[in-house]
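Coordinate analysis (summary)
The lines below spell out each chain.
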Number of protein chains: 2
Amino acid sequence: MSLDENFLREAIQLATKSLELGGGPFGAVIVKDGQIIGRGHNRVTVDFDPTAHAEVMAIREACKTINDFSLKGATLYTSCEPCPMCLTATYWARIDRIVYGNDRASAASIGFDDSYFYDQVNKKIEERDVLMEQILAEEAFSSFKKWSELEDKTEY
Amino acid sequence: MSLDENFLREAIQLATKSLELGGGPFGAVIVKDGQIIGRGHNRVTVDFDPTAHAEVMAIREACKTINDFSLKGATLYTSCEPCPMCLTATYWARIDRIVYGNDRASAASIGFDDSYFYDQVNKKIEERDVLMEQILAEEAFSSFKKWSELEDKTEY
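Residues numbered from 1 in each chain as written. Chains lettered and ligands numbered in written order. Predicted model: local features only at pLDDT ≥ 70, side-chain atom pairs only at ≥ 80, totals over all residues.

1. So, the overall build of chain A
Looking only at helices and strands, one finds seven helices and five strands in chain A. When its C-alpha atoms are laid out on the principal axes, chain A stretches across 55 × 40 × 25 Å. For chain A, buried positions account for 49% of its 156 residues. Across chain A, the fraction of contacts at a sequence separation of at least 24, relative to all contacts at a separation of at least 6, is 43%. (Helix = DSSP H or I, 4+ residues; strand = E, 2+ residues; numbered from the N terminus. Buried ≥ 20, exposed ≤ 12 C-beta atoms within 10 Å, placed from the backbone. Contact = placed C-beta atoms within 7 Å.)

Right, here's the structure in full:
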């Protein structure tokens, strides 16, 4: 049995456990240097937090474990292909590799919107279902200007 | 001065405040029925949490305020166009409208990766810079099957 299979099975077990706790059927683990450093399961409806997806929870825990906002060199094992929120969280966390079980079509087959959200993110701003409007661009740039002029800052 | 401008100015002020606290230059507020119900600023490097973007923080706080995982009917005001993580979080939260100041090109001009991440999310899985691999699809589907068979569940 491969290490990848072992770690993904742990994520799948978390997905099943999540169901028993009243959450959605999703679980994830983060592995670095052969060790699990973060675990997560879906807590959206339990915590009233729409961002509490398994992958986000696992990333937060892993970062706490190693006291860093970068998980460079780590692998995410997740019971389902990440939605675009979680995929982008993976990029922000600088994770190198993702191993997943279900795909977005499977998620759609049981009523989850991941596939629709991928379509929405890929659309031009004016073609999305959510209304988006840009105003005050010049005022908003003031904080960006301050950031770019800061000499002592933590980039991420 | 319009209400939209007032609320976006509050988000821009949070972006500037975030800088002073050592975080990235991003702020956001969530408004429902004319009231601010959530505020957030970037805490990635302060909290060691790559998911702690202003919009995610504001969504979490707004959901806590109204004890619900849905923000249907709310507007997100954010000092910068949301990255794909935050845009998708907005969709999961069922927010109707987004008003923003800076855009992804402005963010790129001061060194942030939002634009690159949009390109990555839009790519086919096998063409992304992050390695992605699907295994154990059948085993992973077991928790999905259990979910679809549950009669008493909270959908989101």
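After presenting the structure, the write-up continues.
2. Here's the deal with helix α1 (residues 3-20) of chain B
Its 18 residues place the ends of α1 of chain B 26 Å apart at the C-alpha level, agreeing with the 26 Å of an ideal helix rising 1.5 Å per residue. Taken as a whole, α1 of chain B has its buried residues at Leu8, Ala11, Ile12, Leu14, Ala15, Ser18 and Leu19 of chain B. Take α1 of chain B and look down its axis: the buried residues cluster within an arc of 150°, on one side only. Counted as exposed and oriented over 90 degrees from the buried face of α1 of chain B: Leu3, Asn6 and Glu20 of chain B. Elements in contact with the buried residues of α1 of chain B: α7 (137-149) of chain A together with β1 (27-32), β2 (35-41), α3 (54-66), β3 (75-80) and β4 (97-102) of chain B. (Expected span 1.5 Å × (residues − 1). Arc of directions from axis to C-beta.)

3. Thoughts on the sheet that holds strand β1 (residues 27-32) of chain A
Strand order in the open sheet formed by five strands is β2(A)-β1(A)-β3(A)-β4(A)-β5(B), with mixed pairing between adjacent strands. With partners counted over all chains shown, the strands left at the sheet margins are β2 (35-41) of chain A together with β5 (131-134) of chain B, one partner each. Direction aside, the axes of adjacent strands within the sheet are offset by 20° on average. As paired strands, β1 of chain A and β2 of chain A are joined by six bridges and run antiparallel to one another. Paired with Ile30 of chain A across the strands is Gly38 of chain A, a residue of β2 of chain A. Across the sheet, helix α3 (residues 54-66) of chain A is in contact with β1, β2 and β3 (75-80) of chain A; its angle to β2 of chain A comes to roughly 140°. (Pairing = 2+ DSSP bridges. Axes fitted to C-alpha atoms, helices over the stretch in contact; angles between N-to-C directions.)

4. Things to note about the relation of the copies chain B and chain A
Note on the copies: chain B fits chain A at an RMSD of 0.0 Å, the axial shift is 0.0 Å, and the rotation between them is 180°. In symmetry terms, the pair is related by a two-fold rotation axis. Looking at the rotation axis and the C-alpha trace of chain B, the residue lying nearest is Met85 of chain B, at 1.9 Å. In this assembly the copies share their binding face: 100% of the residues contributing to the interface of chain B also contribute to that of chain A. (Least-squares fit on C-alpha atoms with pLDDT ≥ 70 in both.)

5. Remarks on the environment of Tyr118 of chain B
Residues and elements named next belong to chain B. Structurally, Tyr118 is set in helix α6 (residues 114-122). Sequence-wise, Tyr118 and Pro84 are 34 residues apart; in three dimensions their C-alpha atoms are separated by 6.1 Å. Excluding residues within four positions of it along the chain, Tyr118 makes contact with Pro84 and Arg104.

6. Let's talk about the pairing of strand β4 (residues 97-102) of chain A
Residues and elements named next belong to chain A. Along β4, five of the six residues are buried, which leaves the element largely enclosed by surrounding structure. As defined by bridge partners, β3 adjoins β4 across five bridges and the pair is classed as parallel. By the bridge assignment for β4, Thr78 is matched with Tyr100. Considered for its hand, the β-α-β crossover made up of β3, helix α4 (residues 84-92) and β4 is right-handed. (Right-handed = clockwise from strand over helix to strand, strands pointing away.)

7. Quick look at the sheet that holds β2 of chain B
Taken in spatial order, the five strands of this open sheet run β5(A)-β4(B)-β3(B)-β1(B)-β2(B), and their pairing is mixed. Of all the strands in the sheet, the pair left with one neighbour each is β5 (131-134) of chain A together with β2 of chain B. Recorded for the sheet is a direction-independent mean angle of 20° between the axes of neighbouring strands. This element, α7 of chain A, spans β5 of chain A together with β3 and β4 of chain B of the sheet and lies at about 65° to β4 of chain B. Each of β1, β2, β3 and β4 of chain B is contacted by α1 of chain B, which is oriented at about 145° to β1 of chain B, the strand it contacts most.

8. Describing the interface of chain B and chain A
One frequent convention defines the size of an interface as the accessible area lost when the parts assemble. Contacts between the two partners involve 71 residues from chain B, matched on the other side by 71 residues from chain A. Ranked by residue count, the leading element in the side of chain B that touches chain A is helix α7 (residues 137-149) of chain B, at nine residues. Among the residues forming the side of chain B that touches chain A, the class breakdown is 39 nonpolar, 19 polar and 13 charged. Pairing of β5 of chain A with β4 of chain B involves four bridges; the strand directions are parallel. (Nonpolar A, V, L, I, M, F, W, Y, C, P; charged D, E, K, R; others polar.)

9. Overview of unusual backbone geometry
Note: most peptide bonds trans; most residues except glycine with negative phi. Residue and element names in this part refer to chain B. Even without glycine at this site, Asp33 takes up a positive phi of about 50°. You can see Asp33 is positioned in the loop between β1 and β2. According to the C-beta neighbour criterion, Asp33 is exposed, with 7 such atoms within 10 Å.

10. Some thoughts on α6 of chain B
Of the residues making up α6 of chain B, those classed as buried are Asp114, Phe117 and Val121 of chain B. When α6 of chain B is viewed along its axis, its buried side chains cluster within an angular range of 55° and face the same direction. Against the buried residues of α6 of chain B lie α4 and α6 (114-122) of chain A together with α4 (84-92) and α5 (104-109) of chain B.

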